[in-house]
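Below, each chain spelled out in residue letters.
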Amino acid sequence: MPKTVVLVYSGGLDTSVCIPMMRENYGFERIVTVTVDVGQPDEDVKSAEDRARALGCEHYTADAKQEFITDYCWPAVKANGDYQGYPLSTAIARPLIGLKAVEAAKQVGADAFCHGCTGKGNDQFRIEYVMRALLPDTPIIAPMREHSYTRTEEIQYAQEKNIPISVTADKIWSIDENLWGRSIEGGHLEEPNYAPPEEIYQWTRGIDAANPTPQALTIGFEHGVPVSLDGERLEPLALVQKLMTIAGDNGVGRVDIMEDRLLGLKVRENYECPASTVLIKAHAALEALVATAAERKFKAMVDQQWGELAYYGLWFDPLKEDLEAFINRIQRRVTGTVTLRLFKGSCVVTGRASDWALYNEDLASFDSKTFDQSLSVGNVQTHGMQSRMYWQLKEKQDKG
Ligand code: ARG
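Residues numbered from 1 in each chain as written. Predicted model: local features only at pLDDT ≥ 70, side-chain atom pairs only at ≥ 80, totals over all residues. Heavy atoms only, no water.

Caption draft 1: Examining the site of the ligand more closely. If you check the shell around the ligand, you find Tyr86, Thr90, Ala91, Asn122, Arg126, Ser174, Asp176, Ser183, Glu185, Glu259, Glu269 and Tyr271 and nothing else. Within the side chain of Glu269, a nitrogen or oxygen atom sits 3.2 Å from a nitrogen atom of the ligand. When isolated, the ligand has an accessible area of 350 Å², and the protein chains bury 91% of it. Every element with two or more residues in the shell around the ligand is listed here: α4 (89–108), β6 (174–178), β7 (181–185) and β12 (266–272). Considered class by class, the residues forming the shell around the ligand number three nonpolar, four polar and five charged. (Near = heavy atom within 4 Å. Polar contact = N/O pair within 3.5 Å; in protein donor to acceptor, adjacent residues only side chain to side chain. Areas by Shrake-Rupley, 256 points an atom, 1.4 Å probe, with all protein chains shown as cover. Helix = DSSP H or I, 4+ residues; strand = E, 2+ residues; numbered from the N terminus. Nonpolar A, V, L, I, M, F, W, Y, C, P; charged D, E, K, R; others polar.)

Caption draft 2: A look at a nonpolar patch on the surface. On the surface, a nonpolar cluster with roughly 250 Å² of combined accessible area is contributed by Phe125, Leu263 and Leu265. Looking at where Leu263 falls in the secondary structure, it is placed in the loop between β11 (254–260) and β12. (Patch = residues over 30% accessible without salt bridge, like charges linked within 9 Å, V, L, I, M, F, W, Y side chains within 5 Å. Salt bridge = Lys/Arg side-chain N within 4 Å of Asp/Glu carboxyl O.)

Caption draft 3: Examining unusual backbone geometry more closely. Despite not being glycine, Leu88 has its phi angle at roughly 70°, a positive value. Mapped onto the elements, Leu88 comes out in the loop between α3 (65–78) and α4. Given the relative accessible area of 0%, Leu88 is considered buried. Despite not being glycine, His223 has its phi angle at roughly 50°, a positive value. Structurally, the position occupied by His223 is in the loop between β8 (215–222) and β9 (225–229). (Buried < 20%, exposed > 50% of the residue type's maximum accessible area, 1.4 Å probe, protein only.)

Caption draft 4: Inspection of the pattern of salt bridges at higher detail. Overall, the coordinates contain 28 salt bridges when judged by the stated rule. Between Arg261 and Glu185 there is a salt bridge, and its shortest N-O distance comes to 3.5 Å. Of this pair, Arg261 sits in the loop between β11 and β12 while Glu185 sits in strand β7, and the two are 76 residues apart along the sequence. The network of salt bridges with common partners includes Arg94, Asp123, Arg126 and Asp176.

Caption draft 5: How the structure looks around helix α11 (residues 318–331). Spanning 14 residues, α11 covers 20 Å between terminal C-alpha atoms, matching the ideal 20 Å at 1.5 Å per step. Check the buried side of α11 and you find it contacts α3, α9 (274–290) and α10 (293–312). Where α11 begins, the capping side chain belongs to Asp317, and its oxygen is found 2.9 Å from the backbone nitrogen of Leu319. (Expected span 1.5 Å × (residues − 1). Contact = heavy atoms within 4.5 Å.)

Caption draft 6: Geometry of the sheet that holds β7. If you walk across this open sheet you meet the four strands as β6-β7-β12-β11, and the pairing is antiparallel. Two strands in the sheet have a free side with no partner beyond their single neighbour: β6 and β11. For this sheet, the mean inter-axis angle between neighbouring strands, taken without regard to orientation, is 25°. Pairing of β11 with β12, which is carried by seven bridges, proceeds in the antiparallel orientation. Paired with Asp256 across the two strands is Asn270, which belongs to β12. (Pairing = 2+ DSSP bridges. Axes fitted to C-alpha atoms, helices over the stretch in contact; angles between N-to-C directions.)

So this is what it looks like as structure tokens:
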């Protein structure tokens, strides 16, 4: 059997450089490249295929778009998936990419895995965790981490090895795209005080170019899962794709945050997450209508914990399963519609409706007589009893 390595392959510079290195520095004879289609541009998937074959690899493309939405994005919606303001787009795609690499490795009988992650980012944690969880005995090689090339050195090496790369020294953005969002890094973008140039955005229009009139949009949910746009029932992939365009045209979904990476590095990150931003906002609004006050308070903690696990890439962690048991239980009531108004970058909820709404017009309305207001008197008098006692004691102590 030839010495075989499975390379997680995007077709970009880092992973392309890994190919000659696997042969020359690590002695692999058979290189199996795996590209996972999670909704990056079709040209990228196609050029990864062509490039891998041109560089003498055996290539597999896994079309995982459907699976990505139903098994990764929908759980993220149910958990209002967020980490420091980031809808976790790259983060939730990594376990699926790892999973597809594991499937390929089992099929071809791989002796090792290779990935192109650097030693600074989060992806090394996410991808290696999945590989180790599912194929613990297969070694993992990370040439970019071992050699820590600068971008210029890498480009030079690629040119020496005749790797047909489209990156040039002045095209500096490092981009990661999938149906849940687009991340743009590189150049000065990680500096906290650098205003990102308009050219980094591809999916969302800026204020000037955005749709000039407000657009109303109604999203239907069943058990926490988005099922329709403006009353039209859509398959998951079609729904997300359509929403990406609508939200993007209205400039909705740009995210510019300070992000604390796994290793503690604090970096400025830029994303465009049109579909995920709208869906999570709408979902949270519907949950707020159907969940009790205590459920909402508790779920906020559960969601926060879920978001952290997803960010860390611990997709198969038992705690995540436990949290999802709770999350899914609540979702039984998260059925209904949410209406939003999208306009020049803003996305505002303007209405929500559900058969499970814990809202009663009669009780909440100011005009109604159903709610006997005199019943509040005793409640108000005992409100904050211990807190008031503390103030009395404090006054006494201060005087004495
Ligand atoms: N900081 C984000 C994360 O860790 C996105 C990283 C995306 N990578 C990129 N080359 N743009 O999830």
